[in-house]
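Results of the structural survey
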Amino acid sequence: MARVNKVLIVGGGIGGLSLASGLRNRGIEVDLVEVKAEWTVHGVGIIQQCNVIRAMAQLGLMDRVLEAGFAYENMGLYTAAGELVQMLPGARSAGPEYPANLGISRLALHQVLSSTAEEKGTRIRLGLTVEHLGQDADGVDVMFTDGTRGRYDLVVGADGLFSKVRSMVFGKELKPRFTGQSVFRHNFPRPPEIDHLMLCYGENHNAGLCPLSKDLMYMFVTSAEPGNPRMPEDQLADLMRERMAEFGGILGRLREQITDPKQVVYKPMEVIFVPGPWYRGRVVLMGDAAHAMTPHVSQGAGMAVEDAVVLSELLVEDAPVEVLLSRFMRRRYERCKFIVESAIQIGDWEMQGASRADRSGLVKKVMDVIAQPL
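Overview of the structure. Remember, it's a predicted structure, so these values are computed and weren't measured experimentally.

Reading the values: the criteria
Residues numbered from 1 in each chain as written. Predicted model: local features only at pLDDT ≥ 70, side-chain atom pairs only at ≥ 80, totals over all residues. Heavy atoms only, no water. Helix = DSSP H or I, 4+ residues; strand = E, 2+ residues; numbered from the N terminus. Rg over C-alpha atoms; globule rule 2.2 N^0.38 Å. Buried < 20%, exposed > 50% of the residue type's maximum accessible area, 1.4 Å probe, protein only. Contact = heavy atoms within 4.5 Å. Axes fitted to C-alpha atoms, helices over the stretch in contact; angles between N-to-C directions. Parallel < 35°, antiparallel > 145°, perpendicular 65-115°, else oblique. Left-handed = near helix turned anticlockwise from the far one by under 90°. Nonpolar A, V, L, I, M, F, W, Y, C, P; charged D, E, K, R; others polar. Polar contact = N/O pair within 3.5 Å; in protein donor to acceptor, adjacent residues only side chain to side chain. Phe/Tyr/Trp six-rings, centres within 6.5 Å; stacked < 30°, edge-to-face > 60°. Lys NZ or Arg CZ within 6 Å of the ring centre and 35° of its normal. Salt bridge = Lys/Arg side-chain N within 4 Å of Asp/Glu carboxyl O. Pairing = 2+ DSSP bridges.

1. Focus on the overall build of the protein
- Check the secondary structure of the protein and you find 11 helices and 19 strands.
- Since a compact globule built from 374 residues should have a radius of gyration of about 21 Å, the 20 Å found for the protein is in line with a globular shape.
- The dimensions of the protein, computed from C-alpha atoms along their principal axes, are 60 × 45 × 35 Å.
- Burial statistics for the protein: of 374 residues in total, 56% are counted as buried.
- Considering only residue pairs separated by 6 or more positions, the protein has 72% of its internal contacts joining residues 24 or more positions apart.

2. Some details on the packing of helix α9 (residues 300-314) against helix α10 (residues 321-352)
- Running from amino to carboxyl end, α9 crosses α10 at an angle of 160°, the nearest separation of the two axes being 10 Å. It follows from the interaxial angle that α9 and α10 lie roughly antiparallel. Seen along the crossing, α9 lies across α10 with a hand that is right-handed. Across the interface between the two elements, Met303, Glu306, Asp307, Val310, Leu311, Glu313 and Leu314 of α9 pack against Leu324, Leu325, Arg327, Phe328, Arg331, Arg332, Arg335, Cys336 and Ile339 of α10.
- Considering only residue class, the contact of α9 with α10 consists of 9 nonpolar, no polar and 7 charged.

3. Observations regarding the side chain of Ser223
- Note on placement: Ser223 falls in strand β16 (residues 216-224).
- Relative accessible area serves as the criterion here: at 1%, Ser223 is assigned to the buried category.
- Only 2.6 Å separates the side chain of Ser223 from the side chain of Glu225, close enough to count as a polar contact.

4. Observations concerning the packing of aromatic side chains
- Per the counting criterion, the structure on display carries 6 aromatic pairs.
- Ring centres 5.8 Å apart and planes at 80° place the aromatic pair Phe273 and Trp278 in the edge-to-face group.
- Judged by relative accessible area, which is 22%, Phe273 ranks as partly exposed.
- An aromatic cluster of at least three residues, connected via ring pairs, comprises Phe273, Trp278, Phe328 and Tyr333.
- Seen from the ring of Tyr152, Lys6 lies directly overhead, with NZ or CZ sitting 5.0 Å from the centre.
- It is Arg125 that lies over the ring of Phe144; its NZ or CZ is 4.7 Å from the centre.

5. Notes on the pattern of salt bridges
- This structure, assessed with the given rule, holds 19 salt bridges.
- For Arg125, the salt bridge goes to Asp146, with nearest N and O atoms at 3.6 Å. On the criterion of sequence distance, the pair formed by Arg125 in strand β8 (residues 123-126) and Asp146 in the loop between β10 (139-144) and β11 (149-152) is long-range, its members being 21 residues apart.
- Judged by relative accessible area, Arg125 falls into the partly exposed class, the value being 32%.
- Owing to a relative accessible area of 46%, Asp146 belongs among the partly exposed residues under this scheme.
- Put simply, Glu341 and Lys337 hold a salt bridge, and the shortest N to O gap is 2.9 Å. In this pair, Glu341 and Lys337 both sit in helix α10, 4 residues apart, roughly one turn of the helix.
- Within the structure, one salt-bridge network assembled from shared partners comprises Glu306, Asp307, Arg332 and Arg335.

6. Quick look at unusual backbone geometry
- Between Gly276 and the following residue, Pro277, the backbone shows a cis peptide bond with an omega angle of -5°.
- A positive phi angle, close to 50°, is found at Asn228, a residue other than glycine.
- Among the structural elements, Asn228 can be located in the loop between β16 and α6 (236-243).
- Of note in this structure, Ser298 is not a glycine but carries a positive phi near 55°.
- Mapped onto the elements, Ser298 comes out in the loop between α8 (288-291) and α9.
- Classification of Ser298 as buried rests on a relative accessible area of 19%.

7. Focus on the pairing of strand β7 (residues 101-105)
- The element β7 is extensively covered by neighbouring structure, given that 5 of its 5 residues are classed as buried.
- Taking every second residue as pointing to the same face, both faces of β7 are buried, with Asn101, Gly103 and Ser105 on one and Leu102 and Ile104 on the other.
- Here 4 bridges tie strand β3 (residues 45-48) to β7, and the two strands are oriented antiparallel to one another. Residue pairing for β7: Ile46 is matched across the bridge by Ile104.

Geometric descriptors of this kind do not, in isolation, establish any biological role.
Now the structure itself:
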């Protein structure tokens, strides 16, 4: 008999919903609360590399995700002028029946994850979160912001970069920091030649295109933004075009089509890496609540989904919760630390004008690491 029978997940993002399905697959009772009163999804698209494909398959989610996205095999490294430097083949880590990589819109992914979690029996409540947590040796008593209460064997803080669970349990001194960079994103119709991830290295920028579906792709560009200035929403199109000025080829042609500021998604890059362990008693952090990173290696959501796989595997074992969570840390801490630090390093190198070889070399090292089993 598993020691963990009932779990509360705080946060309905990619990590929390993935964990809900993973736990329900193993018969664990799951409540999930999301502070948003309605499901809303911020962002444009998401890149799922080989390790995320494998993790989604382990959670029984990949077939539905595959139907909603665009499968591709390779990542191409390009100059700012749009000249191909190297094509990096992906690894089919989930098996020959699945692709090496997948691009998918954030909305499509959310719809798959939320509907699947509900179908598997997750009790989802929107518009509330935790108000108070009280632990003892046998469980966690939770009071929610609507005044209701519950008792759980484990509480998982999957509530993102500005995690309330992290603040309540680990202290308010652990706060995200701005890295000095931001990212602009914009959707476009997908031409046939964009059938892989296109990554272009500029002097102080990183830009590219990622396919999301048969008809859709998104463009991104990173830029140094000292002081984390507030960007006027009505100027976002002009600002994105300015950041794209050094890029030629298809990026240069698409740049001139960026005219509607409402179609531009702008996000400052903020990071946090919580010192281990990521748990206190029967409360554990996962995903961005524990290890939020920049998008330079496209692994923020991927690390959250991997967390979900490992927790789902461990929490059915017949061992004390502290033992299970210590095993979770052994399997996750160093891997996540390397990925987070690598992503931040690439961003720092961009701002310093480091060579394309340095940046692409570290990307290749990350690809080697993520291809390894969890």
